[in-house]
Amino acid sequence: MDDRARQFIAHSTLLFIASRNAAGAMDVSPRGGQPNVVSLREDGAILLPDYLGNRRLDTIGNVLANPDVALLFLNRRCNDYLRVAARAEILQAPDDLALFPADENPPLSVMVLTPTSWKWVHSDVFGDAGFWIDPALRKPPLDLGGVYGQEGQWQAAGGRVFVRRDAAGETELERSGIREHYGTPSTLVQQKVYRAAGPGFMPFIDQAPFIVLAREDHNGAITVELAGGRPLRRDPATNQDAFLLEIRPAEAGDAAWTHSGECALLAAEPGRCENIRLNGTYRAVAGDAETTPQISVLPEEIYFHCSAAFSRSRIWTDARPSAWTGLRAFRCVGRKQENADVVSFLFEPEDQAPVGPIAPGQYVTLALPGDDVQPPRRRCYSVSATPTPRTLRLSVRRIGAGGVSDLLHHTIQPSSEVLLGAPGGQFILNSQAARPVVLVGAGVGITPLLPMAQALAAAPDGREVWFVHAARSSKHHLFADEVVRVVEQAGESFKLFTVYSQPDDGDAFHHHGRLDAATLATLVPVTEADFYICGPDAFMDALRDGLVELGADPANIRMEAFEAKAIGLAGLLASQQSAVTPCQVQFARSGKTATWDPHKGSLLDLALAEDVEIQYSCRSGECQSCVQKIVSGITDYPAGNEPLLAYGQVLLCQAVPRGDLVLDC
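Residues numbered from 1 in each chain as written. Predicted model: local features only at pLDDT ≥ 70, side-chain atom pairs only at ≥ 80, totals over all residues. Heavy atoms only, no water.

K.L.:
Account for the packing of aromatic side chains, with residues named and values stated.
P.N.:
Under the definition given, this model contains 20 aromatic pairs. Ring centres of F131 and F210 lie 4.0 Å apart, and the angle between their planes is 25°; this geometry places the pair in the stacked category. One end of the pair, F131, is in the loop between α4 (125–128) and α5 (144–157); the other, F210, is in strand β8 (residues 210–216), and 79 residues separate them in sequence. For the residue pair F131 and F210, the accessibility class agrees, reading buried in each case. These aromatic residues form a ring-pair network of at least three members: F16, F126, F131, W132, F210, F310 and W316. Note that R4 overlies the ring of W120, its terminal NZ or CZ placed 3.6 Å from the centroid. Its end group placed over the ring of Y303, R56 keeps NZ or CZ at 4.7 Å from the ring centre. (Phe/Tyr/Trp six-rings, centres within 6.5 Å; stacked < 30°, edge-to-face > 60°. Helix = DSSP H or I, 4+ residues; strand = E, 2+ residues; numbered from the N terminus. Buried < 20%, exposed > 50% of the residue type's maximum accessible area, 1.4 Å probe, protein only. Lys NZ or Arg CZ within 6 Å of the ring centre and 35° of its normal.)

K.L.:
Now, about the side chain of H305: what can you tell me, with residues and values included?
P.N.:
Looking at the element boundaries, H305 is found in strand β14 (residues 294–305). Apart from the residues within four sequence positions on either side, H305 is in contact with S29, P30, N54, K192, E274, N275 and R277. (Contact = heavy atoms within 4.5 Å.)

K.L.:
Which residues make up the sheet that holds β8, and what values do they have?
P.N.:
Spatially, 7 strands are ordered β9-β8-β12-β13-β14-β11-β10 in an open sheet, and the strand pairing comes out antiparallel. Either end of the sheet is taken by a strand with one partner, and the two such strands are β9 (222–226) and β10 (233–234). In the sheet, β8 pairs with β9 via 5 bridges, with the strands oriented antiparallel. Counted as the bridge partner of V212 is L226 from β9. (Pairing = 2+ DSSP bridges.)

K.L.:
I'd like to hear about the sheet that holds strand β1 (residues 14–20), residue by residue, with values.
P.N.:
The strand order across the open sheet formed by 7 strands is β2-β1-β5-β6-β7-β4-β3, and the pairing between neighbours is antiparallel. At either end of the open sheet lies a strand with only one pairing partner, and these are β2 (26–32) and β3 (39–40). Pairing of β1 with strand β5 (residues 68–74) involves 5 bridges; the strand directions are antiparallel. Within β5, the position partnered with A18 by the bridge is A70. Sheet strands touched by helix α1 (residues 3–11): β3, β4 (46–50), β5, β6 (80–91) and β7 (109–122). Its angle to β6, the strand with the most contacts, is close to 70°. Against the sheet, helix α2 (residues 58–65) contacts β1, β2, β4, β5, β6 and β7, and its axis sits at roughly 125° relative to β2. (Axes fitted to C-alpha atoms, helices over the stretch in contact; angles between N-to-C directions.)

K.L.:
Tell me what's going on with the environment of R463, and back it up with residues and numbers.
P.N.:
Tracing the chain through its elements places R463 in the loop between α13 (449–458) and β22 (465–471). Given the relative accessible area of 9%, R463 is considered buried. When sequence neighbours within four positions are dropped, the list of residues in contact with R463 reads S431, Q432, A433, A434, R435, V437, L456 and S493. Within the structure, R463 has its side chain in polar contact with the backbone oxygen of R435 (distance 3.1 Å). One polar contact links R463 to D461, side chain to side chain, over a distance of 3.0 Å. (Polar contact = N/O pair within 3.5 Å; in protein donor to acceptor, adjacent residues only side chain to side chain.)

K.L.:
Could you give me a rundown of the pattern of salt bridges, with the residues and numbers involved?
P.N.:
Enumeration according to the criterion identifies 33 salt bridges in this entry. In this structure, E216 and R20 form a salt bridge, with 2.6 Å as the shortest nitrogen-oxygen distance. Taken together, the residues span a long stretch of sequence, with E216 in strand β8 and R20 in strand β1 at a distance of 196 residues. Since its relative accessible area comes to 27%, E216 is described here as partly exposed. Given a relative accessible area of 10%, R20 falls into the buried group. The salt bridge involving D545 is made with R544; its shortest N-O contact spans 3.4 Å. On the accessibility criterion, D545 (40% relative accessible area) is partly exposed. Linked through salt bridges whose partners overlap, the residues forming this network are D27, R56, D58, R277 and E301. (Salt bridge = Lys/Arg side-chain N within 4 Å of Asp/Glu carboxyl O.)

Pasting the structure below:
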């Protein structure tokens, strides 16, 4: 493939893979991932990790019987897609799995895809289906338990029974050891497939215009394409449970249609992560020259697919990419005493995957495997230098009182293991080009500002940048030499301003005393600059208030704070009181059950009100300290985007129940 195709694949977070079993029956399913869904090898092979999901294993079972697959890669807000034909191989060796982050959602296998052909396709389906929605229009999760309850009653009333999985495919999964590795599917997964769609399925089908279709071309090769724009509808010309699908020959390119054959399709509703899959056969439907060509699709299998792929892809969000999910194992590879109270630790992932993207100013949440405090403690620490592909640095001030910072200082040495949560935080470098930037840090508040300074120094835009640091004296001035090197690298547009409140004899500095807004106003016009401030709360509040009084726009003053309040969530829940039904939430390990309604707030609020021991920190969804496992039920995130979590987990501070819920806490 050329560079354009490789870059397109490398930036894709969502793909669709089509496969078929030994008998020719087809399947098409989604795969999603962050910061990309696949990894590219230098030899051109595409590595697709497979994670714990619904354990049905259609694609893997098909590949064991027939390695020829077709893939459709898409990129966010792009109306082109890339169609790739490839041969697939399933790998499960530890070295293969280590190529991906060893976090709370590790891959169970890796599919190695060797491309045999590829083709660009421009599609009107994205526009016709309204696929690229505004993130605010994302839809809450479906209660699939309720959907299948309604559907099952209708199927049973009509004398219909669920369709069992292909016996030959299941035998091959068992023979290969993959079934044992993944585990036995639940009863719902085993019994969720039908040959017809009833009142549980049809409301979704009627609202799902984005359709991905897999079929054979005239040469017998499998191909996958976008064929929707309008939802499926019942075929009135047959007494069978068939659906009509409009097709788009112009998009099929050289993948010419046969009159009939095997097919599989996936139907999705823009903004909703659940999708419905249909495997069966099709036949061309006759029509006149002015009629859009159609096929009639007769299902052999129709069922809902797990929502994890679309959730992991974040295809409908503006969220920054996330390099891993939950807690990931890192090992200390370096330690440096910065001053009497601060130690910098250099960490490297235990796996062989890169650290991944971390925006200047973000933090990670740290936990210690040997921490015997229950519930396990987590603390947020800013990444204090631009990460390398394999390392990141945290600089920690020892607080005292036997907390996590003390434990880090006393026990973490080279070769020690820690667990790090995915990078988070809204305090990131985000300024328009050419606007002056003032980075203001006090004490250990310098840590998130260092990566910002390094990024600004590396940018050749020549903007004016001030790095302002406040400390008691040179003995307490963190990273002084490092900042000087950054300033020297950047040139004349980058300036350093040092403030000491209690300088020692011989200290060199620019201002003696407390730093205030009036002092900053002597450096830059406050109405024209962007300010990034990190330090003690009183320090930040005083500077913000002073800058606003001098005419600064509050929107141009960013501050690092870990005590965000969930006001937006509470207000939203209050407005939904009439639309939300109270439900029961059980905290399994705590042995407590409570009734939730919108007045109770988030699931974290409910847990704390019931004296359930929950570890939490920011309450804004950034640190992920309050992540817990779901035993049964579904949750929703009414005030924001669904977080990127391991399968079956929930972020309590941002979530509410959608029906009765059991949590493992």
